[in-house]
Amino acid sequence: MSDHTIPGVGADGRITLAHGGGGTAMRALIDGVFLRAFSDDPAAPQEDQARFAMADLAALGDRLAFTTDSFVVDPLEFPGGDIGTLAVCGTVNDLAVGGARPVALSAAFILAEGLDLAVVRRIAASMAACARAAGVRIVTGDTKVVPRGACDGLFVTTTGIGVIRPGCAISIASGRPGDVVIVNGMLGDHGAAILCARGDLALDVTLGSDCAPLNGLTEALLDAVPDVRCMRDATRGGLAGVLTELAEASLVTVRIDEAALPVRPEVAGVCEILGLDPLYLANEGKLAAVVPAAAADVALAAMRAHPLGRDAAVIGRLETAAPGRSAVHLANRFGGQRVVSMPSGEQLPRIC
Amino acid sequence: MRFVDEFRDPELADRLFSEIARVAERIGRTRTRPVTVMEVCGGHTHTIFRYALESRMPENVEFAHGPGCPVCVLPMGRIDDAIAIARRPEVIFTTFGDAMRVPGAQGTLLQARAAGADVRMVYSPLDALALARANPERQVVFFALGFETTAPSTALTVLRAAAEGIGNFSIMCQHITIIPTLRALLSQDDFRVDGFIGPGHVSMVIGTRPYDFIASEFHRPLVVAGFEPLDILQSLLMVLRQVDACTARIENQYARVVYADGNPAAMAAIDRVYETRPACEWRGLGTIAGSGLSLRPAWRAFDAEQRFAVIPHHVADPGACRCGDVLTGRIRPTQCPAFGTSCTPDCPSGALMVSSEGACAAYYQYQGQKGAA
């Protein structure tokens, strides 16, 4: 269906307020863009809710996992992904790091009047492709249109349900002294890619976001090491945010080794120029996993055997902390020690 | 990274650490008081903490973290002036990122933005000028901050705006100069600093000669330093060797970037566009004569404070904070009663907690709230 066959779309192919009005224009947008992209059977009758057979869910595990996340990003499209892939991966990953198999997602869109319909189509298509890659379906959704200026192009909220495999007891509070911390690859790619994609830095470097669904990787890891203590995807706040939460919740000291942190030279370079720290940059396809020391080699091998874990590395270990002194310590290449603190606000580039 | 990793080589660092320990031990044989070395520049403070250099210092060597972070020494009243301009509906107020979090009495520029002011982060004054070209119906103001490092780029931007006849561009000039402030510090009777690690970027512009008085009048050594950990360690060693030999000379460790005469083109731009302010207020240090720059009469048309008839705010520094004592090396950040209690990076009341280059923020971030307590 071409744009001009969707009622309410002008000759220039832009979203109008009519697309949120509940009438034929809205119906046409949903049918012509979202259902087309997301549904296996667009012709099937549309109910007001998605339905799941309990038996199908019970076959996958013994508990439901349920999570939601909203996505706003500027620019909407960037090297390595777009707001749609972020929205699918973000929610899939939040389920996966809890030991859940993601089953289904909802997607709710807030569109700004004037948004190019071609952008909406591209984002819906990339969400569909990403969901297929992750083996999850987008089964329900919503669309609203707000006047120009009331939202920055397009916002997406995705909610996901998954089923947790039996016996899996992953928790941010389960870390024990002696455990090791593993990350599945290069840190800070997404944060650095977004900074560069905004184009106001005039840095001649092309960096792709690491945006990817991690459920295949977490499945492989859990198959190899069923007693993984905890996993977290290192999104906003970066690895520093995840590790400070781990230290606080598990009442341990997390000691990491700067030399072991996998960081691309380009990302290190961007950080160098802007005075940022890759430990705090966002990732969209990276997780930190804590495993018992005895399982470290098996875990590392399982991760490295997966395409999204090729650069996996042990970056540190957990140690006993005196009461009230749990923290993240970084050992630098000089044999010096410093505390890695909880990120505070957004990182702002330094003046000089 | 080429040309960076070479200056972070752990083996070379180990050799420097041992040599520093050896010289410090020799100094310790004849003096009981520790040697206090002030790094003037905020970038150096940042390196010292990021690489945890203090954790491997001999007991009798201490760093004092000086006043060289331009964001940290921004007085509260100047932030209020900036907010007054930013709140005007016709104004797009542009600033370097880390100035957005500095609190004045009326809050921060970030808070002003949340309340509706059009405040935007830029990476260079030329970005602000581009905004002025693109928005001819708006007034674009650039918050011109920093030492001689950033003053030339602001100056050249003003000259370009004049040449292009861009009438909707102006600057709020808060450029400051380090030399008068070093003199003021050294003139205090109880200033206990034994030597300086001199600023690298500032010296790239002004050269090394302006520091000569520190050696000739005040008998302290100063070594201009680069920003990598090996730069700092080597410079510290050079200062300690001078202390050990009881000499006071100006040396240049950062010769790959800094020349004795500095950058004459940049100095000429500064001289063409600015004149010295009779007095300039520094957060934590008070008013220092001749330490600020303002636009010369020929360029006053680009002075935002004149254009918008700003009535300057004067706000006393917060009472509990002892930023001045930290800046002059009299106390360590953790000895300030506000540190980590009423003053944290999330809610800074003192200047040194604001920027990541500030000594208090660096202590808090890299040693932990309870770090040295």
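Residues numbered from 1 in each chain as written. Chains lettered and ligands numbered in written order. Predicted model: local features only at pLDDT ≥ 70, side-chain atom pairs only at ≥ 80, totals over all residues.

**Some details on the overall build of chain A**
Using the following cut-off: Labels follow the DSSP assignment, with helices taken as runs of H or I lasting at least four residues and strands as runs of E lasting at least two, numbered in each case from the N terminus. Put simply, the radius of gyration uses C-alpha atoms, and a globule should come to 2.2 Å times the residue count raised to 0.38. Exposed residues have 12 or fewer other C-beta atoms within 10 Å of their own C-beta, buried residues have 20 or more, and residues in between are partly exposed; the C-beta atoms are placed from the backbone. We call two residues in contact when the distance between their C-beta atoms, placed using the backbone, is within 7 Å.
Within chain A, the regular secondary structure consists of nine helices and 13 strands. Scaling as 2.2 N^0.38, a compact globule of 352 residues should have a C-alpha radius of gyration of about 20 Å, and chain A matches this with 22 Å. In terms of overall dimensions, chain A has a C-alpha envelope of 65 × 60 × 35 Å along the principal axes. Buried residues in chain A amount to 49% of all 352 residues. Partitioning the intrachain contacts of chain A with sequence separation of at least 6 by distance along the chain shows that 84% fall at a separation of at least 24.

**Side note on the UniProt feature "domain: PurM-like N-terminal" (unreviewed entry) in chain A**
In plain terms, the rule: UniProt positions are given in the numbering used here, feature names are shortened, and annotations may be inferred rather than shown by experiment.
In this numbering, the UniProt entry assigns the feature "domain: PurM-like N-terminal" (unreviewed entry) to residues 61-164 of chain A. For residues 61-164 of chain A, the end-to-end C-alpha separation is 5 Å, with 31% helix and 45% strand making up the annotated structure.

**Points about the pairing of strand E7 (residues 195-198) of chain B**
Residue and element names in this part refer to chain B. Basically, it comes down to this: Strand pairing follows a simple DSSP-based rule, namely that at least 2 bridges must link the two strands.
Here E7 shows a buried face lined by Gly-195 and Ile-197 and a second buried face lined by Phe-196 and Gly-198. Direction of pairing for strand E1 (residues 35-41) relative to E7: parallel, over a ladder of three bridges. Considered in E7, the bridge of Met-38 is made with Phe-196. Sheet topology places E7 next to strand E8 (residues 222-224); three bridges connect them, and they run parallel. The partner of Ile-197 across the bridge, within E8, is Val-223.

**Side note on the domain arrangement of chain A**
Residues and elements named next belong to chain A. Inclusion rule: For every domain, the bounds stem from an assignment made automatically or drawn from a database. Following the grouping adopted for this structure description, the nonpolar residues are Ala, Val, Leu, Ile, Met, Phe, Trp, Tyr, Cys and Pro, the charged ones are Asp, Glu, Lys and Arg, and the polar ones are all others, Gly among them.
Examined at the domain level, chain A breaks down into domain 1 (9-164) and domain 2 (180-340). If you average the C-alpha positions of domain 1 and of domain 2, the two centres end up 28 Å apart. Taken together, the 23 residues of domain 1 in the interface contact 23 residues of domain 2. Those elements that provide at least two residues to the side of domain 1 that touches domain 2 are helix H3 (83-96), strand E4 (100-112) and helix H4 (117-134). Considering each element in turn, the side of domain 1 that touches domain 2 owes the most residues, nine residues, to H3. Its residues assigned to classes, the side of domain 1 that touches domain 2 shows 14 nonpolar, six polar and three charged.

**Quick notes on the sheet that holds strand E2 (residues 61-68) of chain B**
Residues and elements named next belong to chain B. Basically, it comes down to this: With axes taken as lines fitted to C-alpha atoms, and helix axes fitted only over the stretch in contact, angles between N-to-C directions fall between 0 and 180 degrees.
Pairing is parallel across the open sheet formed by five strands, whose spatial order is E2-E1-E7-E8-E9. Across the chains shown, the open sheet's two edge strands, defined by having one partner strand only, are E2 and strand E9 (250-252). Along the sheet, successive strands turn relative to each other by an average axial angle of 20°, direction set aside. Contacts between helix H10 (residues 229-244) and the sheet are confined to E1, E7, E8 and E9, with E7 contributing the most and set at about 155° to the helix.

**Regarding the environment of Leu287(A)**
Residue and element names in this part refer to chain A. Summarising the element assignment, Leu-287 is placed in strand E10 (residues 287-291). Remark: the alpha-carbon pair of Leu-287 and Leu-214, spanning 73 residues in sequence, is separated by 8.2 Å. Ignoring anything within four residues of it in the chain, the contact list for Leu-287 reads Val-97, Asn-184, Leu-214, Met-231, Arg-232, Asp-233 and Ala-234.

**A look at unusual backbone geometry**
That bond from Asp74(A) to Pro75(A) is cis: its omega, 5°, falls within 30 degrees of zero. If you trace the backbone, Pro75(A) turns up in the loop between strand E1 (63-71) and strand E2 (77-78). Even without glycine at this site, His219(B) takes up a positive phi of about 55°. Among the secondary structure elements, His219(B) is positioned in the loop between helix H9 (212-216) and E8. Although it is not a glycine, Cys246(B) sits at a positive phi angle of roughly 55°.

**Focus: the confidence of the model for chain B**
Where we set the bar: For every residue, the predictor assigns a confidence score, pLDDT, that lies between 0 and 100.
Looking at chain B as a whole, its pLDDT mean stands at 92, while 98% of the residues score no less than 70. Here the complex is predicted with pTM 0.84, and the ipTM for its interfaces comes to 0.74.

**Considering the sheet that holds strand E5 (residues 139-146) of chain B**
Note on sheets: strands pair through backbone hydrogen bonds, and any given pair is parallel or antiparallel. Residue and element names in this part refer to chain B. Reading across the sheet, the four strands line up as E4-E3-E5-E6 and stay open at both edges, with parallel pairing between neighbours. Every interior strand has two partners, whereas the edge strands, strand E4 (118-121) and strand E6 (169-175), have only one. Averaged over neighbouring strand pairs, the angle between their axes works out to 25° when direction is ignored. In the packing of helix H3 (residues 76-86) onto the sheet, the strands contacted are strand E3 (91-95), E4, E5 and E6, and the crossing angle to E3 comes to about 145°. Strand contacts of helix H5 (residues 125-134): E3, E5 and E6, with the helix running at about 175° to E5, the strand carrying the most contacts.

**Let's talk about the packing of helix H1 (residues 24-38) of chain A against H4(A)**
Each pair of packed helices can be summarised by the angle the axes make with each other and by the distance between the axes. Residues and elements named next belong to chain A. What counts here: Here the word oblique covers every angle except those under 35 degrees (roughly parallel), over 145 (roughly antiparallel) and from 65 to 115 (roughly perpendicular). For a crossing to be left-handed, the near helix must be turned anticlockwise from the far one by less than a right angle; the clockwise case is right-handed.
In the contact formed by H1 and H4, the axes pass within 8 Å of each other and the chain directions differ by 15°. With respect to H4, the element H1 is oriented roughly parallel. Crossing angle aside, the handedness with which H1 passes H4 is right-handed. On H4, the residues touching Val-33, Phe-34, Ala-37 and Phe-38 of H1 are Val-120, Arg-121, Ala-124, Ala-125, Met-127 and Ala-128. Its residues assigned to classes, the contact of H1 with H4 comprises nine nonpolar, no polar and one charged.

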